[in-house]
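What follows is each chain in one-letter form.
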Amino acid sequence: MAYDELKKQAYDNLADFSEKVGHEINPDSFCLLPFVHISTMPHGEIKLCCRGQPPEGGTSKDNPHVQDPGFDLKEYWTSDYMNEIRDDLLQGKRVAQCKNCWKMEDRNILSLRHNRLIDYGYEPRESYVENVKTYMDTGEIPFNVPLLELKLTNLCNFKCRMCWPKDSSLWWQDWEKVEKYYDEDTQNYIQKTREIVGGKNMSNVYQTNESFVDHLLHLMENVEEIEFAGGEPLLDPIHFNILDSIKHPEKVTLKYSTNLSTLILNKKFDIIGMWKKFKDIKLTVSIDGDSETNHVIRRGADWEILKQNLETVKRELSNIAMIKGTTCISAHNALTLDKTAEAIIMELGIRWHTSRLQYPDFHHANIIEPKLLEESVERLKTTKEKLRDFGATKFDLLHVDNSINWLNDCIKNNEHGEKSKRFADFNNTIDGL
């Protein structure tokens, strides 16, 4: 299915949504998420979504934070800050916080904004209509957030090459050996994060913020979908405590961004057993290469354990609504995307999804020599035909197209040179650890 066709599907869904709301909504800027969704970061930052950026002219410290003086989750949700964003998106204005989606849409790549509108078509939710309608009718929005994305800790058993301490506790032990490759703003940001969590390797500021916890428990009364990420959420005891706090799990969908390296935590928490209580389970499994390259990029990964856990999930859970393997396209894997797509779809038997690494800049795929990227594009075109013959889904084929579009953009806006050397030096350092 072509990008234009899926974009039309998203806009058709929005037209139906607009009719239910009773107001005309601008399709070129409107996003559901600021009306129905809260996203948390492991060190306490609150964002519009997982890809949300700071306000224009600011740095990530300018996003609201649970340790800001007087921070209150309910007040944040109804604040002038959030309402101005909602108004702008309703009126056709591209807000700075959403620049990652605008960048993708300008390159004919399906954005998170589009995907959420498409998802709404598959699973219409009255709570979404009610929140937007109430806001457009009254200028106020209820403290009812049906979609939560919770990154409650950076606790992780992997140390992926494109990651950093904010999202992986294992990275703290080697950060001082590689921080010289990052710009000064990043070094200061990580230092500030370290100070926020009191010098600990693991972030868990939410557990000690009583107001946040109280409001989170309030939202659990009407939550419809919770997405857990991290760190690695399946290693996080706090995540299991949240699951236990949900009174009607049969009404709630759980979504995970996970490395799926374990299905039992400390012989105490049976993940499969807990998942069986919920309405649906959606798994987005991070996989950045085939069996030969995934463990090189995702340090700690074991291909055979991954295969076994996927087979267990498919066999034991009747409420699995989706399993997809997601690949973050970067300089580490831009030349092997053909093998990655084939391994995920044909060997693991799950859908393929892609995202694009845009920071740090020396990991970006555009630091690779253009000729090599052109060869990768040609291999992807061959892979697309192979996957089509295999019977891959239209969404698998779309992500092949998206990957081709992205690599072509990396060729057009290529930065092979100093950043490429920094990338090579970084990898040499990592290989020596």
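Residues numbered from 1 in each chain as written. Predicted model: local features only at pLDDT ≥ 70, side-chain atom pairs only at ≥ 80, totals over all residues. Heavy atoms only, no water.

Student: Now, about the overall build of the protein: what can you tell me, with residues and values included?
Tutor: Looking only at helices and strands, one finds 18 helices and twelve strands in the protein. Here the C-alpha atoms of the protein give a radius of gyration of 21 Å, agreeing with the 22 Å that 2.2 N^0.38 yields for 433 residues. Taken over the C-alpha atoms alone, the protein extends approximately 55 × 50 × 50 Å along its principal axes. When each of the 433 residues of the protein is scored for burial, the buried share is 57%. For the protein, the proportion of contacts with a sequence separation of at least 24, taken over those separated by at least 6, is 75%. Here the protein displays about 18500 Å² of accessible surface, and carbon together with sulfur accounts for 46% of that area. If the 55 positive side-chain charges of the protein are averaged to one point and the 70 negative ones to another, these points end up 3 Å apart. (Helix = DSSP H or I, 4+ residues; strand = E, 2+ residues; numbered from the N terminus. Rg over C-alpha atoms; globule rule 2.2 N^0.38 Å. Buried < 20%, exposed > 50% of the residue type's maximum accessible area, 1.4 Å probe, protein only. Contact = heavy atoms within 4.5 Å. Areas by Shrake-Rupley, 256 points an atom, 1.4 Å probe, with all protein chains shown as cover. Lys, Arg positive; Asp, Glu negative; His and termini not counted. Charge placed at Lys NZ, Arg CZ, Asp CG, Glu CD.)

Student: Go over the sheet that holds strand E3 (residues 147-151) with me, naming the residues and quoting the values.
Tutor: Ordered in space as E2-E1-E3-E5-E6-E9-E11-E12, the eight strands form an open sheet in which the pairing is mixed. Strands with a single pairing partner mark the edges of an open sheet, and in this sheet they are strand E2 (46-47) and strand E12 (351-356). Relative to strand E9 (residues 280-286), strand E6 (residues 253-258) is paired through six bridges, and the arrangement is parallel. Note that in E9 the partner of Lys-255 across the bridge is Lys-282. Against the sheet, helix H17 (residues 394-412) makes contact with strand E11 (320-329) and E12, and its axis sits at roughly 25° relative to E12, the strand it touches most. (Pairing = 2+ DSSP bridges. Axes fitted to C-alpha atoms, helices over the stretch in contact; angles between N-to-C directions.)

Student: Lay out the packing of aromatic side chains in plain terms, naming residues and giving numbers.
Tutor: For the coordinates displayed, the defined rule picks out 13 aromatic pairs. On the basis of an interplanar angle of 35° and a centroid distance of 5.6 Å, the ring pair of Phe-30 and Phe-35 is categorised as tilted. Summarising the burial analysis for this pair, Phe-30 and Phe-35 share the class buried. Members of the aromatic cluster, joined through ring pairs, are Phe-17, Phe-30, Phe-35, Tyr-120 and Tyr-135. Directly above the ring of Phe-35 sits Arg-86, whose terminal nitrogen or CZ lies 6.0 Å from the centroid. Across from the ring centre of Trp-172, 4.1 Å away, lies the NZ or CZ of Arg-194, which sits over that ring. (Phe/Tyr/Trp six-rings, centres within 6.5 Å; stacked < 30°, edge-to-face > 60°. Lys NZ or Arg CZ within 6 Å of the ring centre and 35° of its normal.)

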